[in-house]
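Secondary and tertiary structure notes
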Amino acid sequence: MKTSDCIFVAGHRGLVGSAIVRHLRGAGHENLLLRSRDELDLRDTSRVAAFFAEHRPAYVFLAAARVGGIWANSTYPADFIRDNLIVQLNVVQAAHAAGVRKLLFLGSSCIYPKFADQPIREDALLTGALEPTNEPYAVAKIAGIVLCQSYNRQFGTRFMSIMPTNLYGPGDNFDPAGSHVLPALIRRIHEAKEADAPEVVVWGTGTPRREFLHVDDMAEATVHLMQVWAEADASGRIVGGPNAINEIVNVGYGSDVSIREVAELVKDAVGYEGALRFDATKPDGTPRKLLDSSRLLATGWAPRVALRDGIAETYAWFLEHHGEARMGASAAV
Ligand code: GFB
């Protein structure tokens, strides 16, 4: 990927897309193609086709998705499956028609079976039943993976898929109706501190375990994989093996924490001394979701941001941006 190559980052206003743009710019890539949802609704098939035909990007990062935490996923299942399916279909087909050199599709760790062996290896895909709270989203993401693989097989395209673990960081969505656990707890614990509240509610039992990766690490891994995965290395061998373009790649941090531990870390960052109250009437979701990222680590990449530091940085960002649009708007395509 040369710095002069035209790169389309779909979803550049989201948590991951905006981090990918920061990372690409930091590496000297200036020929970036970016469109907000108002400028180009990726659900609009003919406009997406026309956009690709006009601009003919060389590389595509498909980071546009309807995303949300456990509540949003359970409440808007039709939105989650429909929007994700249609965006993927439009972008993949248009990328093929426009002769895109390589496309990287972002999936999610929720594609794996609810009770997959931990840490979860890529070959656990399609070996068991999914977690019901996010099945429609997961099915859409699985369809996205198979879509990329099918285009590769039938048309010889180079469309790869990577599976991030739970992500967090600056630019996250802090709207309680749409947010994931980390931004939700940052906001709720901050507000409890401001109000001098004696306790704060945490959804579920506090026992589920999650792996959290800072979005800057995620962006770095994403750009790295676009550059090296399924490409020849110095000795001429294809990184990931001869069929690498069709092999999915996990992107994780390498260790997980319980939701109770996350809440304690957020309390420390915020400086809140009240109690935590667990509301077991709210869903826990999948009991554990720790990825085996050895495939990625073998390519020479490693995460840098420790969870405690990342939470402190995200809290500082939240304080600075308190009251802005994404505090109340749910992240979407
Ligand atoms: O982050 P979260 O919504 O995503 O929830 P999932 C993780 C855990 O945190 C669950 C608990 O056990 C929640 O019950 N939790 C505690 C909270 N307090 C809160 C809170 O205030 N808000 C939220 N949101 N959770 C999502 C999927 O699953 O993960 C998506 O629904 C996607 O499809 C995403 O895969 C990465 O890890 O459970």
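Look above for the structure.
Right, let's walk through the structure included here. These numbers were taken from a predicted model, which means no experiment stands behind them.

A few words on the packing of helix α6 (residues 181-194) against helix α10 (residues 307-321). Closest axis-to-axis distance for the α6/α10 pair is 11 Å, and the angle between their directions is 60°. Taken together, the axis directions place α6 and α10 in an arrangement best described as oblique. Viewed along their axes, α6 and α10 form a crossing whose handedness is right-handed. Here α6 contributes Leu182, Ile186, Arg187 and His190 to the contact with α10, which in turn contributes Leu307, Ile311, Thr314, Tyr315, Phe318 and Leu319. Grouping the amino acids of the contact of α6 with α10 by side-chain chemistry returns 7 nonpolar, 2 polar and 1 charged.

Another point: the site of the ligand. In the neighbourhood of the ligand, 22 residues make up the surrounding shell, with Ile70, Arg188, Arg210, Pro283 and Asp284 lying closest. Here asparagine 73 contributes a side-chain N or O atom positioned 3.1 Å from an oxygen atom of the ligand. The side chain of arginine 188 places a nitrogen or oxygen atom 2.5 Å from an oxygen atom of the ligand. In the complex, the protein chains occlude 97% of the 700 Å² of accessible area that the ligand would expose alone. Contributing elements (two or more residues each) for the shell around the ligand: α3 (70-75), α6 and β7 (199-203). Per-element tally for the shell around the ligand: the top contributor is α6, with 3 residues. Class assignment for the residues of the shell around the ligand results in 10 nonpolar, 8 polar and 4 charged.

This paragraph deals with empty space enclosed by the protein. Considering all chains together, one arrives at 2 cavities of 30 Å³ or more under this definition. Size it by volume and the largest cavity reaches roughly 70 Å³. Taken together, Ser109, Cys110, Tyr112, Pro113, Lys114, Ile120, Glu131, Asn134, Thr286, Arg288 and Lys289 make up the lining of the largest cavity. Looking at the lining of the largest cavity, its residues break down into 4 nonpolar, 3 polar and 4 charged. Within this model, the second largest cavity holds a volume of roughly 40 Å³. As for the second largest cavity, its lining consists of Ile145, Cys148, Gln149, Asn152, Phe159, Met160, Ser161, Ile245, Asn246, Glu247 and Ile248. Here the lining of the second largest cavity takes 4 residues from helix α5 (residues 135-155), the largest share from any one element. Residue composition of the lining of the second largest cavity, grouped by class: 6 nonpolar, 4 polar and 1 charged.

A few words now on the sheet that holds strand β5 (residues 159-164). Paired through their backbone hydrogen bonds, the strands of a sheet run either parallel or antiparallel. If you trace the 6 strands from one edge of the open sheet to the other, you get β2-β1-β3-β4-β5-β10, paired in parallel fashion. Pairing within the sheet leaves two strands with one partner each, and these edge strands are β2 (32-33) and β10 (249-251). On top of the sheet, helix α7 (residues 215-228) reaches β3 (59-62), β4 (102-106), β5 and β10; it is set at about 145° to β4, its chief contact.

As a further point, take α6. Taking 1.5 Å as the rise per residue, α6 with 14 residues should run 20 Å; its terminal C-alpha atoms sit 20 Å apart, in good agreement. Every buried residue of α6 is listed here: Leu182, Pro183, Ala184, Leu185, Ile186, Arg187, Ile189, His190 and Ala192. Residues of α6 that are buried make contact with β6 (166-168), β7, β9 (212-214), α8 (259-270), β12 (275-279) and α10. Looking one or two places after α6, you find aspartate 196, whose phi comes out positive at around 60°.

Side chains carrying opposite charge are able to pair once their charged atoms draw close together. One pass over the full model with this rule turns up 23 salt bridges. Between aspartate 5 and arginine 101 there is a salt bridge; the shortest N-O distance is 3.7 Å. Placement of aspartate 5 in the segment before β1 (7-10) and of arginine 101 in the loop between α4 (77-97) and β4 is noted, with a sequence separation of 96 residues between them. On the basis of relative accessible area, aspartate 5 is assigned to the buried category, the value being 8%. Ionic contacts of the salt-bridge type, sharing partners, join the residues Asp41, Arg43, Arg66, Asp79, Arg82 and Asp83 into one network.

Before going further, it helps to spend a moment on the sheet that holds strand β8 (residues 209-210). Pairing is mixed across the open sheet formed by 3 strands, whose spatial order is β11-β8-β13. The outermost strands of the open sheet, each flanked by one partner alone, are β11 (257-258) and β13 (288-289).

As enumerated under the stated definition, the model contains 11 aromatic pairs in all. Ring plane angle 20° and centroid distance 6.3 Å describe the contact between tyrosine 315 and phenylalanine 318, whose orientation is recorded as stacked. Of this pair, tyrosine 315 and phenylalanine 318 both sit in helix α10, 3 residues apart, roughly one helical turn. When sorted by exposure, tyrosine 315 lands in the same class as phenylalanine 318, which is buried. Taken together, the ring pairs in this structure connect Phe174, Tyr315, Trp317 and Phe318 into an aromatic cluster.

Rules used throughout
Residues numbered from 1 in each chain as written. Predicted model: local features only at pLDDT ≥ 70, side-chain atom pairs only at ≥ 80, totals over all residues. Heavy atoms only, no water. Axes fitted to C-alpha atoms, helices over the stretch in contact; angles between N-to-C directions. Helix = DSSP H or I, 4+ residues; strand = E, 2+ residues; numbered from the N terminus. Parallel < 35°, antiparallel > 145°, perpendicular 65-115°, else oblique. Left-handed = near helix turned anticlockwise from the far one by under 90°. Contact = heavy atoms within 4.5 Å. Nonpolar A, V, L, I, M, F, W, Y, C, P; charged D, E, K, R; others polar. Near = heavy atom within 4 Å. Polar contact = N/O pair within 3.5 Å; in protein donor to acceptor, adjacent residues only side chain to side chain. Areas by Shrake-Rupley, 256 points an atom, 1.4 Å probe, with all protein chains shown as cover. 1 Å grid on protein atoms, 1.4 Å probe; cavity = no way out; pocket = protein on both sides within 12 Å on 5 of 7 lines; lining within 4 Å. Points joined across faces, edges and corners; volume = space filled by probe spheres on them. Pairing = 2+ DSSP bridges. Expected span 1.5 Å × (residues − 1). Buried < 20%, exposed > 50% of the residue type's maximum accessible area, 1.4 Å probe, protein only. Salt bridge = Lys/Arg side-chain N within 4 Å of Asp/Glu carboxyl O. Phe/Tyr/Trp six-rings, centres within 6.5 Å; stacked < 30°, edge-to-face > 60°.

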